[in-house]
Amino acid sequence: MLHPSAAPPAPPPEVTAAARPCLCPVGHRGDGGKMAAAGSLERSFVELSGAERERPRHFREFTVCSIGTANAVAGAVKYSESAGGFYYVESGKLFSVTRNRFIHWKTSGDTLELMEESLDINLLNNAVRLKFQNCSVLPGGVYVSETQNHVIILMLTNQTVHRLLLPHPSRMYRSELVVESQMQSIFTDIGKVDFTDPCNYQLIPAVPGISPNSTASTAWLSSDGEALFALPCASGGIFVLKLPPYDIPGMVSVVELKQSSVMQRLLTGWMPTAIRGDQSPSDRPLSLAVHCVEHDAFIFALCQDHKLRMWSYKEQMCLMVADMLEYVPVKKDLRLTAGTGHKLRLAYSPAMGLYIGIYMHAPKQGQFCVFQLVSTESNRYSLDHISSLFTSQETLIDFALTSTDIWALWHDAENQTVVKYINFEHNVAGQWNPVFMQPLPEEEIVIRDDQDPREMYLQSLFTPGQFTNEALCKALQIFCRGTERNLDLSWSELKKEVTLAVENELQGSVTEYEFSQEEFRNLQQEFWCKFYACCLQYQEALSHPLALHLNPHTNMVCLLKKGYLSFLIPSSLVDHLYLLPYENLLTEDETTISDDVDIARDVICLIKCLRLIGESVTMDMSVIMEMSCYNLQSPEKAAEQILEDLITIDVENVMEDICSKLQEIRNPIHAIGLLIREMDYETEVEMEKGFNPAQPLNIRMNLSQLYGSSTAGYIVCRGVHKIASTRFLICRDLLILQQLLMRLGDAVIWGAGQLFQAQQDLLHRTAPLLLSYYLIKWGSECLATDVPLDTLESNLQHLSVLELTDSGALMANRFVSSPQTIVELFFQEVARKHIISHLFSQPKAPLSQTGLNWPETITAITSYLLQLLWPSNPGCLFLECLMGNCQYVQLQDYIQLLHPWCQVNVGSCRFMLGRCYLVTGEGQKVNYI
């Protein structure tokens, strides 16, 4: 993973220099003032929802019968919901069946939901729901391990432990080369599992028993295949239950690890703690973790007395005790109270050894401490303190540790999700890097008098990326109380059901035969607003974060939420600066922007001006620019009108602040030009078509599946949408600022003739940039039409007669899924193979020796996709894809939006527009093209 404080590592040998993710897309015209790319790639991340617009995930349900617990009081202890994830060891290897494949889960009460995901292929039967009779699943009580032949899932409830044995993906297929677009998940045959098999299930003994309110646990596989479960004892110490290997008959055994001699432990045996008189719970673990070493396991326990203890399971001895309060500046009050909220994480690096991350919770303050485990003589161990990092956030939900970083997930005082990360070794200033979270949909929909309330609410509800299918279905269920409805619906069917439900409620409330059009409109708006509020409530609940999921093999970070999964991807430097909180912008490291300090300061000052403008632009002003783009009007005139409105309503002297900051910019023309160049994806280079024929067939076939799943396509295209949306706002604010510069004239822009340059050059370069991002944003929200297979085949036959470029690449092999946007359709049908082949076009070493890096790869893929979508670039792959997939209405709208200002590919656009008219029966329009 790249870090702000370190230069990026050398690229993998097979990736060309052009394919390396960088700030400047390929084809940029740079100069000596180019922004520095080093260190900026991962200064911040953005969250992208992974909830596709599909039918709600179908879970196959199974009941796990816990024999002997029928008389237990189920639900006596209410545990919070939790989540976790597992990454396959070879998930980052280019030639592995488990490449880009992982498992994640969610627990709630007596229920465990398990899901297997892949970014390369669509997995079948990949979701199961287990219900444990008369038991509650412990929060965090799920642990996954893999062996050569199996994936083993260890599960803990408040009364039982379970082992679930599943086939390893590498044993499910005859060949390691996977070329199908879909395959079976490891959960496919879970129905054959006998959950009551005593080899894989055991009641937890009543003595010593686990603490009823404790949620700490850990579990692992021994080198001999035994399954071990560790839990806190009610009186302190650790209780370990061992199941014999699944294929070797044996006895279940239990061990209690306490800070007493081995002899005393042998003598006391299972004598109840109360009889022994040892009732001190001070060493009761709050958080447990295990690290396996050869034929032993080190169990780490962070306890209520603020001490970290390390046990050897093999020796059943405590090898180390470390007082964490020695690393806390103000520890007097903490020492008098039992610890609560402390958390423990481990991270292992073959090169650096074992890292231990400790979160010490205190009121209104938290502290992370990172240590390295150091072995000394006589089988003793100590801690090497590496770093202490402080935070004022209130509630830590989860944190993840790597050998370089801490990632942390909080809920703040306003109940908002906060995710940040920090390099714990090289970050001298102690400044956390932000993650820009995906906001919830707008609380209110503003509807103008000339707009239909139903259309506007439906547009907001069904705009891609706004609401999940599950939130809409839940809201529909509540709204239609008492009415039986089928909720296994496609996106288009769901839209019809929602419309019908709200209209029926509206009609049912009308008691009068006659009322005015205005009264009906108000009533219509009231009911749609009611349904929208219900959707918003469920969307917020499903967005509640439960855990972080970090894959150290690929550096992919996911956020596990109550209702879906979201992915974190890096921000480019331009987006990072524009989205950064103002206080962080003040302390931004100038060297990450440019080697020239003066240029860096100019850019930061320019961004501050743009931020002030953006924060002042109202919703109505924002609509002015959006409508000017949609209605093919001049963006420059729209910016001029918005500036007039800003000046008119400026009661807080914002314009004066902007003018004052403009005075601080040494060379505003150069700074604006630099910003424009960084956002321009225009290139004269056309991408190669198809994979390098010099590569062996098995390599080409394997690469052809890379990031081929619907989940990966959705994430890539949401990333493009996020970039286009952010850049559209930057360009809008830049146009407004340029109009202000025109007004100020030479008072701000020094040097003769520079005002003319600003008018003729910068304005005319910014406007097409804004329109380009608007067009990509529009395509990322425009849904594709569902097309029957026979229609697609007939269309491709016609296109093959015309001998259109690359029409052979369009395969009529499936339905165009209606929830797809046209950009997603383009990526999955055409763009992905071009991008992947370009990324791996010049191999210089065996590809199997290289690993995948998610932040670098997703950055490169989105950058190349933006180039293929960029309106002024050569080639018409996007337009050909729309025509080949019968997206005639969308193609017409696209060309209409493109035509007035883009003079590239004009002939091709006219030809395709003519074909659209002929196919849709509007042949008379062909003469007017």
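Bear in mind that the values here come from a model prediction, so they are computed numbers and not experimental data.

Quick look at the overall build of the chain
- Of regular secondary structure, the chain possesses 23 helices and 31 strands.
- Taken over 929 residues, the chain has a buried fraction of 55%.
- Taking contacts inside the chain between residues at least 6 apart in sequence as the whole, the part at least 24 apart equals 67%.
- Total accessible area computed for the chain in this model is approximately 40,000 Å², and 51% of it derives from carbon and sulfur atoms.

Comments concerning the sheet that holds strand 9 (residues 150–157)
- Judged by pairing direction, the sheet is antiparallel, and its 4 strands sit side by side in the order 8-9-10-12 without closing on themselves. Looking along the sheet, the strands with just one partner apiece sit at the ends: strand 8 (137–146) and strand 12 (201–203). Each strand of the sheet is rotated relative to its neighbour by a mean of 15 degrees, with strand direction disregarded.
- Of the pairings in the sheet, the one linking strand 10 (residues 160–167) to strand 12 comprises 3 bridges and is antiparallel in character.

Focus: a negative patch on the surface
- Taken together, the side chains of E442, E443, E444 and E540 present a region of like negative charge at the surface.
- Tracing the backbone through its elements, the reader meets E442 in the loop between strand 28 (433–436) and helix 4 (453–462).

Topic: the pairing of strand 23 (residues 365–376)
- Alignment of strand 22 (residues 353–362) against strand 23, held across 8 bridges, turns out to be antiparallel. Across the sheet, M360 pairs through a bridge with Q367, a residue of strand 23.
- The turn linking strand 22 back onto strand 23 is made up of 2 residues, and K364 within it adopts a positive phi angle of 65 degrees.

Digging into the pattern of salt bridges
- Counted under the stated rule, the structure contains 22 salt bridges.
- Among the salt bridges present, the one from R129 reaches E113, with a minimum N-O distance of 2.9 Å. Placement of the pair is R129 in strand 7 (residues 127–132) and E113 in strand 5 (residues 111–118), with a sequence separation of 16 residues.
- We classify R129 as buried; its relative accessible area is 17%.
- A salt bridge links R727 to D575; its shortest N-O distance comes to 2.6 Å. Of this pair, R727 sits in helix 16 (residues 710–744) while D575 sits in helix 8 (residues 573–579), placing them 152 residues apart in sequence. Take R727 and D575: they sit in the same class, and that class is buried.

Some details on the environment of F531
- Residue placement: F531 occurs in helix 7 (residues 517–542).
- Residue class for F531 comes out buried when judged on its relative accessible area of 0%.
- As a C-alpha pair, F531 and V498 span 33 residues in sequence and 8.9 Å in three-dimensional space.
- Ignoring any residue separated from it by four or fewer positions in sequence, one finds F531 in contact with L461, L472, A475, L476, F479, V498 and V502.

Points about unusual backbone geometry
- At N134, a residue that is not glycine, the phi angle is positive and equals roughly 60 degrees.
- Position of N134 relative to the elements: it lies in the loop between strand 7 and strand 8.
- Taking the relative accessible area as the measure of exposure, N134 reaches 26% and is therefore partly exposed.
- For C886, which is not a glycine, the phi torsion comes out positive at approximately 60 degrees.
- Secondary-structure assignment places C886 in the loop between helix 21 (877–884) and helix 22 (888–898).

Overview of the packing of helix 10 (residues 597–616) against helix 16
- Contact geometry of helix 10 with helix 16 gives a least axis separation of 9 Å together with a crossing angle of 100 degrees. With respect to helix 16, the axis of helix 10 lies roughly perpendicular. Only I730, R732, D733, L734, I736 and L737 of helix 16 make contact with helix 10, whose side of the interface consists of L606, C609, L610, I613 and G614.
- Within the contact of helix 10 with helix 16, the residues separate by chemical class into 8 nonpolar, 1 polar and 2 charged.

A short note on the confidence of the model for the chain
- Summarising the model, the chain shows a mean pLDDT of 83, and 82% of its residues fall at 70 or more.
- Confidence drops under pLDDT 50 across residues 1–33; counting only partners more than four residues distant or on other chains, this segment forms 85 contacts.
- Scored below 50 in pLDDT, residues 805–818 shows 45 contacts in the model against residues more than four places distant or in partner chains.

Brief notes about the sheet that holds strand 18 (residues 296–303)
- Spatial ordering of the open sheet is given by 17-18-19-20, a layout of 4 strands whose pairing is antiparallel. Lying at the two open borders of the sheet, with one neighbouring strand each, are strand 17 (285–293) and strand 20 (317–323). Sheet twist, expressed as the average angle between the axes of neighbouring strands with direction ignored, equals 20 degrees.
- Here strand 17 pairs with strand 18 via 8 bridges, running antiparallel. Within the sheet, the bridge partner assigned to H291 lies in strand 18 and is F298.

Description of the pairing of strand 30 (residues 556–561)
- In terms of burial, strand 30 is a largely internal element, 6 of the 6 residues being buried.
- The alternating pattern of strand 30 places M556, C558 and L560 and V557, L559 and K561 on opposite faces, both of which are buried.
- In sequence, strand 29 (residues 545–551) turns back onto strand 30 through a hairpin of 4 residues, with N555 there showing a positive phi of about 60 degrees.
- Sheet topology places strand 30 next to strand 31 (residues 565–570); 4 bridges connect them, and they run antiparallel. Note on strand 31: the bridge partner recorded for C558 is F567.
- The hairpin turn running from strand 30 into strand 31, its antiparallel successor, is 3 residues long.

Some remarks on helix 23 (residues 906–919)
- The terminal C-alpha atoms of helix 23 lie 20 Å apart, and with 14 residues this matches the ideal 20 Å at 1.5 Å per residue to within 8%.
- By the burial criterion, the buried members of helix 23 are C909, M912, L913, G914, R915, C916 and Y917.
- In the stretch just after helix 23, G921 is the one whose phi turns positive, near 75 degrees.

Conventions we followed
Residues numbered from 1 in each chain as written. Predicted model: local features only at pLDDT ≥ 70, side-chain atom pairs only at ≥ 80, totals over all residues. Heavy atoms only, no water. Helix = DSSP H or I, 4+ residues; strand = E, 2+ residues; numbered from the N terminus. Buried < 20%, exposed > 50% of the residue type's maximum accessible area, 1.4 Å probe, protein only. Contact = heavy atoms within 4.5 Å. Areas by Shrake-Rupley, 256 points an atom, 1.4 Å probe, with all protein chains shown as cover. Pairing = 2+ DSSP bridges. Axes fitted to C-alpha atoms, helices over the stretch in contact; angles between N-to-C directions. Patch = residues over 30% accessible without salt bridge, like charges linked within 9 Å, V, L, I, M, F, W, Y side chains within 5 Å. Salt bridge = Lys/Arg side-chain N within 4 Å of Asp/Glu carboxyl O. Lys, Arg positive; Asp, Glu negative; His and termini not counted. Charge placed at Lys NZ, Arg CZ, Asp CG, Glu CD. Parallel < 35°, antiparallel > 145°, perpendicular 65-115°, else oblique. Nonpolar A, V, L, I, M, F, W, Y, C, P; charged D, E, K, R; others polar. pLDDT = per-residue confidence, 0-100. Expected span 1.5 Å × (residues − 1).

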